[in-house]
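Residue-level structural notes
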Amino acid sequence: MLARFRSSLIWQLFAVLVLLLALSAGVFALLATAIGQQRDAAEDAGRAERAVAAAGELERVVIDMETGVRGYLIAGDEGFLKPYRRALDGRGVAAARLIDASTTRRTRAAATAIEDGMNAYVEDYLMPLLAKAQVSLSAARDEVRQGEGKRRVTALRSRFERLEADEEQFAAGKRAMAGEQADRAIAIAIGALVGSALLLALLGLYAHRTVIVPVRRLAGTADRIAAGDLTARVPKAEQATELGQTGRAFNSMAGSLERAAEVAREADRSKDEFIALVSHELRTPLTSIVGYVELLDEDAATPEPALDPAERRRFLEVINRNARRLLRLVGELLFVARVDAGGLDLDRERVELREVVADSVEAAHPAAEEAGVKLQAEVDGVPAIDGDSGRLGQAVDNLLSNAIKFTPRGGLVSVRARSAGEEALISVSDTGVGIPAADQARLFERFFRASSARSGHTPGVGLGLVITRAIVEGHGGRLELESEAGAGATFTLHFPLA
Ligand SMILES: Nc1ncnc2c1ncn2[C@@H]1O[C@H](COP(=O)(O)OP(=O)(O)OP(=O)(O)O)[C@@H](O)[C@H]1O
Ligand SMILES: [Mg+2]
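Residues numbered from 1 in each chain as written. Chains lettered and ligands numbered in written order. Predicted model: local features only at pLDDT ≥ 70, side-chain atom pairs only at ≥ 80, totals over all residues. Heavy atoms only, no water.

1. Describing the packing of helix α2 (residues 9-75) against helix α4 (residues 105-135)
Here α2 crosses α4 at 10°, and the two axes come no closer than 11 Å. It follows that α2 is roughly parallel to α4 by the angle criterion. Each of Arg-47, Leu-58, Val-62, Met-65, Glu-66, Val-69, Tyr-72 and Leu-73 in α2 lies in contact with α4, whose residues at this interface are Arg-108, Ile-114, Met-118, Tyr-121, Val-122, Leu-126, Leu-129, Leu-130, Ala-133 and Gln-134. By residue class, the composition of the contact of α2 with α4 is 14 nonpolar, one polar and three charged. (Axes fitted to C-alpha atoms, helices over the stretch in contact; angles between N-to-C directions. Helix = DSSP H or I, 4+ residues; strand = E, 2+ residues; numbered from the N terminus. Parallel < 35°, antiparallel > 145°, perpendicular 65-115°, else oblique. Contact = heavy atoms within 4.5 Å. Nonpolar A, V, L, I, M, F, W, Y, C, P; charged D, E, K, R; others polar.)

In structure tokens:
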């Protein structure tokens, strides 16, 4: 069951779809991580750049304070302190911005240290210096000359440089990483494109092999059959797929068609044979009748008839015999036509088979004598059955007529009626030509005559046995045959006992 499911096209299609889905999900996941990492790296680089900018800004604050104070001390004009005061107000925000933008623990620590250094510079140096200047400008100028302020600013500036260098290095690293991730994403996308193109090509090849080629084979075979070649078959229809199945179904249909055509040809042949046979069987007695009637007519027309009464009587007997033969043939044809039309009317009554057999044997005596065949009957202990005595007699007549017809001069025909178990049996045996095994199977086909009958030019059309079997079966019984070529034949009628 599972194996059949696996070999079905639907399953294969489903499997391919699942595979494609899994592959695209994998590619999507790879792409998403690469792009995510690229975005993170770019963001980090951006933050480091912002930190560098914030460091520059804070450095300007320090410089503004230093130059403001220096200008005031040199010129003694309070107006120079304006940038100092602005820087003093803004230093907290600028320092917080730098700490916030710092990317690593190291640079954050450096930023905090810068803020502390800057605050110390303001509170421990600039503010006391300005307070001193309020009292004496020259004392303040002396203090400046000591170099403490310059040293502190230089120290702060070198810290700024280090921090900026750190952040720039960090930013460069992150930018490189972002670039690598972007390259990776492009590589994945190209790989996925090439991979799916390959996969699609493979799928196309596979579909070609499993769908298109078999469908073409099917169409080609259908064309050949349509053109009249009924021997055409779908090649390689053994595949387990739906199309293989279709091919096999198609082949079996083609087989049925071929057989049907053969049967139709055969039917045509037997119809032709039948027409030839029936024409011949009708013509022979009719020719004889016409011939003898003309003879009698000519003789009657002459003033002195040449035929004596005995001859005239013999002619009339020939005419009578042939007319009866015609009547029998027409009767047989009508009977078969009636059976074909579905109706075998039986006048059922209690029938003594003993009497039926005795009547048939008596009627066959003249023919047996003429053929030089000994006829014997053995009837005892046969029960009566429910049936049509006329038709039963016809069945036995046919068997007896055959037995006498196909037994050479000096032979023996014996009829036996008895009961066996739940059946009444009537058998007709002869020591005649028998029936070749090859012909026995077809013996009950209408108009069939065994090779022995055809080669021996024995008269008949091949309806007797068909009629006999129809009668026996109409009575719920069956007809059996035992024979060997050259060793006689035995036909047995089996009737069920009611
Ligand atoms: N007892 C027999 N011995 C040998 N062959 C027989 C015997 N009975 C029947 N056959 C073969 O079976 C064929 C069919 O028999 P069937 O009675 O149907 O036809 P028929 O005798 O040829 O013609 P008819 O329609 O006149 O009876 C015969 O032509 C003959 O070849
Ligand atoms: Mg017959």
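2. Some words on the domain arrangement of the protein
Domains assigned within the protein are domain 1 (2-204), domain 2 (242-337) and domain 3 (345-496). Domain 1 and domain 2 are separated by 118 Å when their C-alpha centres are compared. (Domains from an automatic or database assignment.)

3. Details of empty space enclosed by the protein
One pass over the structure, following the stated rule, counts one cavity of 30 Å³ or more. By volume, the largest cavity is sized at about 50 Å³. Around the largest cavity sit Pro-214, Arg-217, Leu-218, Val-234, Pro-235, Lys-236, Ala-237, Gln-239, Leu-243, Gly-244 and Gly-247, which together line it. The set of elements that each furnish at least two residues to the lining of the largest cavity consists of α6 (148-226) and α7 (242-301). (1 Å grid on protein atoms, 1.4 Å probe; cavity = no way out; pocket = protein on both sides within 12 Å on 5 of 7 lines; lining within 4 Å. Points joined across faces, edges and corners; volume = space filled by probe spheres on them.)

4. With respect to the nonpolar core
Counting 45 residues, the largest nonpolar core has Leu-353, Leu-400, Val-413, Ile-426, Phe-491, Leu-493 and Phe-495 as its most contacted members. Looking at this core, the elements that each hand over two or more residues are α8 (309-340), α9 (353-371), α10 (389-405), β4 (412-420), β5 (423-430), α13 (464-474) and β7 (489-496). In terms of residue count, α10 provides more of this core than any other element does, seven residues in total. The two domains that each donate at least three residues to this core are domain 2 (242-337) and domain 3 (345-496). Discounting residues that sit within four places of it in the chain, Phe-491 has contacts with Leu-399, Ile-426, Ser-427, Val-428, Ile-435, Leu-443, Phe-444, Leu-465, Leu-479, Glu-480 and Leu-481. By size, the runner-up hydrophobic cluster in this structure holds 32 residues, among which are Ala-54, Ala-87, Leu-88 and Ala-133. (Core = buried A, V, L, I, M, F, W, Y, C linked by side-chain atoms within 4.5 Å. Buried < 20%, exposed > 50% of the residue type's maximum accessible area, 1.4 Å probe, protein only.)

5. What to know about α10
A rise of 1.5 Å per residue sets the reference length of α10, with its 17 residues, at 24 Å; its end C-alpha atoms lie 24 Å apart and thus fit the reference within 8%. If you check which residues of α10 are buried, you get Arg-391, Leu-392, Gly-393, Ala-395, Val-396, Asn-398, Leu-399, Leu-400, Asn-402, Ala-403 and Ile-404. Between the side-chain oxygen at the start of α10 and the backbone nitrogen of Gly-390 there is a gap of 3.1 Å, and the oxygen is on Asp-388. (Expected span 1.5 Å × (residues − 1). Polar contact = N/O pair within 3.5 Å; in protein donor to acceptor, adjacent residues only side chain to side chain.)

6. Focus on the packing of aromatic side chains
Describing an aromatic ring pair means giving the distance of the ring centres and the angle of the ring planes. Here the structure, examined in full by the defined rule, presents two aromatic pairs. Residues Tyr-121 and Tyr-125 carry aromatic rings whose centres are separated by 5.8 Å and whose planes lie at 15° to one another, so their mutual orientation is stacked. In this pair, Tyr-121 and Tyr-125 both sit in helix α4, four residues apart, roughly one turn of the helix. Take Tyr-125: its relative accessible area is 8%, and that puts it in the buried class. (Phe/Tyr/Trp six-rings, centres within 6.5 Å; stacked < 30°, edge-to-face > 60°.)

7. Looking at the layout of surface pockets
In this structure, the second largest pocket spans a volume of roughly 400 Å³. Taken together, 14 residues make up the lining of the second largest pocket; nearest its centre are Ser-270, Glu-273, Arg-442, Arg-446 and Phe-447. Top element by residues in the lining of the second largest pocket is α7. It accounts for seven residues. Classifying every residue of the lining of the second largest pocket by side-chain character gives five nonpolar, one polar and eight charged. If you count residues domain by domain, the lining of the second largest pocket takes at least three from each of domain 2 (242-337) and domain 3 (345-496).

8. Observations regarding the pairing of β5
A large share of β5 lies buried, amounting to six of its eight residues. Sheet analysis places β5 next to β7, joined by eight bridges and oriented antiparallel. By the bridge assignment, Leu-425 is partnered in β7 with His-494. (Pairing = 2+ DSSP bridges.)

9. Brief notes about the sheet that holds strand β6 (residues 478-483)
Ordered in space as β2-β4-β5-β7-β6, the five strands form an open sheet in which the pairing is mixed. A single partner strand is all that each edge strand has here, and the edge strands are β2 (374-379) and β6. Between one strand axis and the next, the sheet turns through 15° on average, direction left out of account.

10. With respect to the site of ligand 1
Among the 22 residues in the neighbourhood of ligand 1, the closest are listed as Asn-402, Arg-449, Ala-450, Leu-463 and Leu-465. Gly-462 places a main-chain nitrogen or oxygen 2.9 Å from an oxygen atom of ligand 1. Between Leu-463 and ligand 1, the recorded distance is 2.8 Å, taken from a backbone N or O atom to an oxygen atom. Protein chains bury 99% of the 600 Å² of accessible surface belonging to ligand 1 in isolation. Of all the secondary-structure elements, those providing two or more residues to the shell around ligand 1 are α8, α10 and α13. In terms of residue count, the dominant contributor to the shell around ligand 1 is α10 (three residues). (Near = heavy atom within 4 Å. Areas by Shrake-Rupley, 256 points an atom, 1.4 Å probe, with all protein chains shown as cover.)

11. Comments concerning the packing of α6 against α7
Between α6 and α7, the least distance of the axes is 10 Å, while the angle of their chain directions is 10°. When the axis of α6 is compared with that of α7, the two are roughly parallel. For the pair α6 and α7, contact is made by Thr-210, Val-211, Pro-214, Val-215, Leu-218, Thr-221, Ala-222 and Ile-225 and by Leu-243, Thr-246, Gly-247, Phe-250, Ala-254 and Leu-257, respectively.

12. Here's the deal with the side chain of Thr-492
Looking at the element boundaries, Thr-492 is found in strand β7. On the accessibility criterion, Thr-492 (11% relative accessible area) is buried. Discounting chain neighbours no more than four positions away, the residues touching Thr-492 are Leu-425, Ile-426, Ser-427, Arg-478, Leu-479 and Glu-480.

13. A short note on a negative patch on the surface
A cluster of acidic residues, Glu-355, Asp-359, Glu-362 and Asp-397, forms a negative patch at the surface. In terms of residue count, α9 provides more of the negative patch than any other element does, three residues in total. Among the secondary structure elements, Asp-359 is positioned in helix α9. (Patch = residues over 30% accessible without salt bridge, like charges linked within 9 Å, V, L, I, M, F, W, Y side chains within 5 Å. Salt bridge = Lys/Arg side-chain N within 4 Å of Asp/Glu carboxyl O. Lys, Arg positive; Asp, Glu negative; His and termini not counted. Charge placed at Lys NZ, Arg CZ, Asp CG, Glu CD.)

14. As for the pattern of salt bridges
Working definition: two side chains of opposite charge can pair if their charged atoms are close together. Tallying each qualifying case throughout the model produces 32 salt bridges. Residue Asp-229 pairs with Arg-224 through a salt bridge whose shortest N-O separation is 2.8 Å. Residue class for Asp-229 comes out partly exposed when judged on its relative accessible area of 27%. A relative accessible area of 43% places Arg-224 in the partly exposed class. When the shortest N-O distance is used, the salt bridge between Arg-442 and Glu-266 registers 3.9 Å. Here Arg-442, found in the loop between α11 (437-440) and α12 (451-455), pairs with Glu-266, found in helix α7; they are 176 residues apart in sequence, far enough to count as distant.

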